[in-house]
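Understanding the architecture of this molecule
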Amino acid sequence: METGRRMKAAVVKETSPGERRVALVPDAVAKLGPAGIDVLVESGAGDGAWLSDSAYADAGASIASAAEIYRTADVILTVTRPQPGAVGELRAGQAVIGMLAPLADPEFAAALAARGVTVISLDGLPRTLSRAQPMDALTSQSNVAGYKAVLVAAGEFGRFFPLLITAAGTARPAKVLVLGTGVAGLQAIGTARRLGAVVSGYDIRPTSKDEVTSLGATFLELTAVGSAAGEGGYARELTADERLAQQEELTGHIARQDVVITTAQVPGRKPPLLVTEDAVKAMAPGSVIVDMAASALGGNVAGSVPGQTAVTGNGVTIVGAENLAATVPTAASAAYSRNVSAMLLHLTSGGALAIDTSDDIQAGVVIAHDGKVVHEGVAALLQPVEGDSGVDGTAD
Ligand code: NAD
């Protein structure tokens, strides 16, 4: 509908430590114009991804200060959650769109709702809807992270990944095992294969077997645990007995690997422990483990700490990966920019946001609107809880 009305969407500079991504790249600016969306970019917002203010200005964006953005923008586009200090800058009628992890920090969403700010979080997207796929930032960022995890592992590893036959001798290829073969795991398998490693993959969802083998890797089948396919293509949490059986059987396989990359997650739960202390002890000196599920609540690997790399007494390097997508900032931003632009266009009609939670996509991503937290899952977390729900709230 042509109303002549135009929306101001603004890109702010990310403020989380180590965050080098930016919500929109210059290419996106021209694509939003015809939908009635003008773009403001905070000066320096693209610096971390090698995208200069002049590249944005050439694409038609206006370069602005943070103060001007918070005063005039209708919609603020971010990659991750703005710092708590930004809450006071936002005002009623404004909207924030980003990967805001409202399940991990429902209070943030509540604080914005109380100010009358509309909160849209891409990590709530119903990912199995085919029309939602262009907006799937979890997938695009997991792809980047899965790729980088392999490069991190190769960087820590003291030998080659490929088979190399040279006058100075022959190097056997590295053996790489990827535990958890969702989006990040499959990208890790593809990347490790391209580097020439001998790769195997394991997942508790049997349907991932074909995906693993189609990438030229071997699928590891455990005899002790069956399928744990859950809802929406995700895994369910294992029972205590299943968990133990899985850990024990995996230990024998892990001991034979040079590199293990773990990505296993169960939505809303603490990541499952797949590589126990015994498994780490069984690995040879010089082996490397990259735990992409490392979190404050624990990860897939005993002893992994997010953001830290440590070498165990038996010479195994354990990397607690943290925000790997931010370390490939230009590619990650380009992909995220397409996701966030698609979301913005989906939500915009006649130069303004048209919030309608009867739409499947909006029902997942609209967290707060009209002064209220409207997302059921987030609202439930804001209620006083009886007992321990086991929810860790990790949404990204
Ligand atoms: P995720 O990040 O939640 O988890 C990563 C992987 O860990 C998953 O494959 C999961 O099965 C696995 N896992 C969990 N517990 C495990 C355990 N105890 N042992 C071994 N593996 C375990 O998953 P994700 O990468 O976001 O994707 C999950 C699923 O969603 C996949 O089937 C993916 O193809 C699907 N997906 C579909 C779409 C779509 O339809 N468009 C989009 C995105 C993802």
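Here is a short report on the structure shown in this document. It should be emphasised that the depicted structure is a prediction, and the values quoted were computed from it without experimental measurement.

Cut-offs used in this document
- Residues numbered from 1 in each chain as written.
- Predicted model: local features only at pLDDT ≥ 70, side-chain atom pairs only at ≥ 80, totals over all residues.
- Heavy atoms only, no water.
- Helix = DSSP H or I, 4+ residues; strand = E, 2+ residues; numbered from the N terminus.
- Rg over C-alpha atoms; globule rule 2.2 N^0.38 Å.
- Buried < 20%, exposed > 50% of the residue type's maximum accessible area, 1.4 Å probe, protein only.
- Contact = heavy atoms within 4.5 Å.
- Areas by Shrake-Rupley, 256 points an atom, 1.4 Å probe, with all protein chains shown as cover.
- Lys, Arg positive; Asp, Glu negative; His and termini not counted.
- Charge placed at Lys NZ, Arg CZ, Asp CG, Glu CD.
- Pairing = 2+ DSSP bridges.
- Axes fitted to C-alpha atoms, helices over the stretch in contact; angles between N-to-C directions.
- Near = heavy atom within 4 Å.
- Polar contact = N/O pair within 3.5 Å; in protein donor to acceptor, adjacent residues only side chain to side chain.
- Nonpolar A, V, L, I, M, F, W, Y, C, P; charged D, E, K, R; others polar.
- Arc of directions from axis to C-beta.
- Core = buried A, V, L, I, M, F, W, Y, C linked by side-chain atoms within 4.5 Å.
- Phe/Tyr/Trp six-rings, centres within 6.5 Å; stacked < 30°, edge-to-face > 60°.
- 1 Å grid on protein atoms, 1.4 Å probe; cavity = no way out; pocket = protein on both sides within 12 Å on 5 of 7 lines; lining within 4 Å.
- Points joined across faces, edges and corners; volume = space filled by probe spheres on them.
- Right-handed = clockwise from strand over helix to strand, strands pointing away.
- Expected span 1.5 Å × (residues − 1).

It is worth spelling out the overall build of the chain at this point. Looking only at helices and strands, the chain has twelve helices and 19 strands in total. For the chain, whose C-alpha radius of gyration is 22 Å, the value lies close to the compact-globule estimate of 21 Å for 396 residues. Expressed along its principal axes, the backbone C-alpha trace of the chain runs to roughly 70 × 55 × 35 Å. The proportion of buried residues among the 396 residues of the chain is 49%. Contacts in the chain between residues far apart in sequence, at least 24 positions, make up 64% of those at least 6 positions apart. Put simply, the chain shows about 17,300 Å² of open surface, and 54% of that area lies on carbon and sulfur atoms. Of note, the chain has its 29 positive side-chain charges centred 5 Å away from the centre of its 41 negative side-chain charges.

Moving on, we get to the sheet that holds strand E3 (residues 62–64). In spatial order, the strands read E3-E2-E1-E4-E5-E6-E18-E19; together these eight strands make up an open sheet with mixed pairing. Pairing within the sheet leaves two strands with one partner each, and these edge strands are E3 and strand E19 (372–373). With five bridges joining them, strand E1 (residues 7–11) and strand E2 (residues 37–42) adopt parallel strand pairing. Within E2, the residue paired with Met-7 across the bridge is Ile-37. Of the strands in this sheet, E1, E2, strand E4 (75–77), strand E5 (95–98) and strand E6 (118–121) are in contact with helix H10 (residues 329–347), which crosses E5 at around 140°.

Not every one of the 24 residues close to the ligand is listed here, only the nearest: Arg-127, Gln-133, Val-183, Asp-203 and Arg-205. Here an oxygen atom of the ligand and a backbone polar atom of Val-183 are 2.7 Å apart. Between Arg-205 and the ligand, the recorded distance is 2.7 Å, taken from a side-chain N or O atom to an oxygen atom. Here the ligand has 830 Å² of accessible area as a free molecule, and 85% of this is covered by the chains. Here the shell around the ligand is built from residues that sort into ten nonpolar, ten polar and four charged.

Moving on, we come to the sheet that holds strand E13 (residues 288–291). Strand pairing within a sheet occurs via backbone hydrogen bonds; the two strands may be parallel or antiparallel. In spatial order, the strands read E11-E10-E9-E12-E13-E15-E14; together these seven strands make up an open sheet with mixed pairing. With partners counted over all chains shown, the strands left at the sheet margins are strand E11 (218–219) and strand E14 (309–311), one partner each. Here E14 runs beside strand E15 (residues 317–320); their pairing, made up of three bridges, is antiparallel. Counterpart to Ala-310 in the pairing with E15 is Ile-318. In this fold helix H8 (residues 240–254) packs onto strand E9 (175–179), strand E10 (198–202) and strand E12 (259–262), with an angle of close to 160° to the strand it touches most, E9.

Looking now at helix H4 (residues 106–114). For H4, the complete set of buried residues consists of Pro-106, Phe-108, Ala-109, Leu-112 and Ala-113. Along the axis of H4, the buried positions cluster into a sector of 160°, meaning they face one direction only. Opposite the packed face of H4, turned more than 90 degrees from it, sit the exposed residues Glu-107 and Ala-114. Those residues of H4 hidden inside the fold are in contact with E6, strand E18 (366–369), E19 and helix H12 (376–382). At the exit of H4 stands Gly-116, carrying a positive phi of roughly 85°.

Now for the nonpolar core. Nonpolar side chains in soluble globular proteins generally cluster together in the buried interior. Within the largest apolar cluster, 39 residues are counted, with the highest numbers of intra-cluster contacts made by Val-11, Leu-77, Ile-97, Met-343 and Leu-344. Put simply, the parts of the chain that give this core at least two residues each are E1, helix H1 (26–32), E2, E4, E5, H10 and helix H11 (360–365). With near-sequence residues (within four places) excluded, Leu-77 lies in contact with Ala-9, Ala-10, Val-11, Val-12, Ala-23, Leu-24, Ile-97, Val-340 and Leu-344. Of all hydrophobic cores here, the second largest spans 27 residues; its members include Ala-184, Leu-186, Ala-197 and Ala-217.

To continue, consider the packing of aromatic side chains. Inspection of the entire model under this criterion finds one aromatic pair. Between Phe-157 and Phe-161, the ring centres sit 5.8 Å apart and the planes meet at 70°, which makes this aromatic pair edge-to-face. In this structure, Phe-157 and Phe-161 share a single accessibility class: buried.

Okay, the side chain of Gln-246 next. Tracing the backbone through its elements, the reader meets Gln-246 in helix H8. If we skip the residues at most four places from it in the chain, Gln-246 touches Tyr-202, Ile-204, Leu-222, Val-225, Leu-238 and Leu-274.

Quick look at the layout of surface pockets now. Approximately 190 Å³ is the volume attributed to the second largest pocket. Taken together, 14 residues form the lining of the second largest pocket, with Arg-5, Asp-74, Gly-93, Ala-352 and Leu-353 sitting closest to its centre. For the lining of the second largest pocket, a count of residues per class yields six nonpolar, five polar and three charged.

Attention now moves to the pairing of E2. Within E2, five of the six residues are buried, which leaves the element mostly enclosed by the surrounding structure. In the classification by handedness, the crossover that spans E1, the intervening H1 and the parallel E2 is right-handed. Sheet analysis places E2 next to E3, joined by three bridges and oriented parallel. Of the residues in E3, the one forming a bridge with Leu-40 is Ser-62. Considered for its hand, the β-α-β crossover made up of E2, helix H2 (residues 53–58) and E3 is right-handed.

Our focus in this paragraph is helix H6 (residues 183–194). Counted at 1.5 Å a residue, the expected span for H6 with its twelve residues is 16 Å, and the 17 Å between its end C-alpha atoms agrees. Along H6, the residues that are buried comprise Ala-184, Gly-185, Leu-186, Ala-188, Ile-189, Gly-190, Thr-191 and Ala-192. Directly after H6, the chain includes Gly-196, whose backbone phi takes a positive value near 95°.

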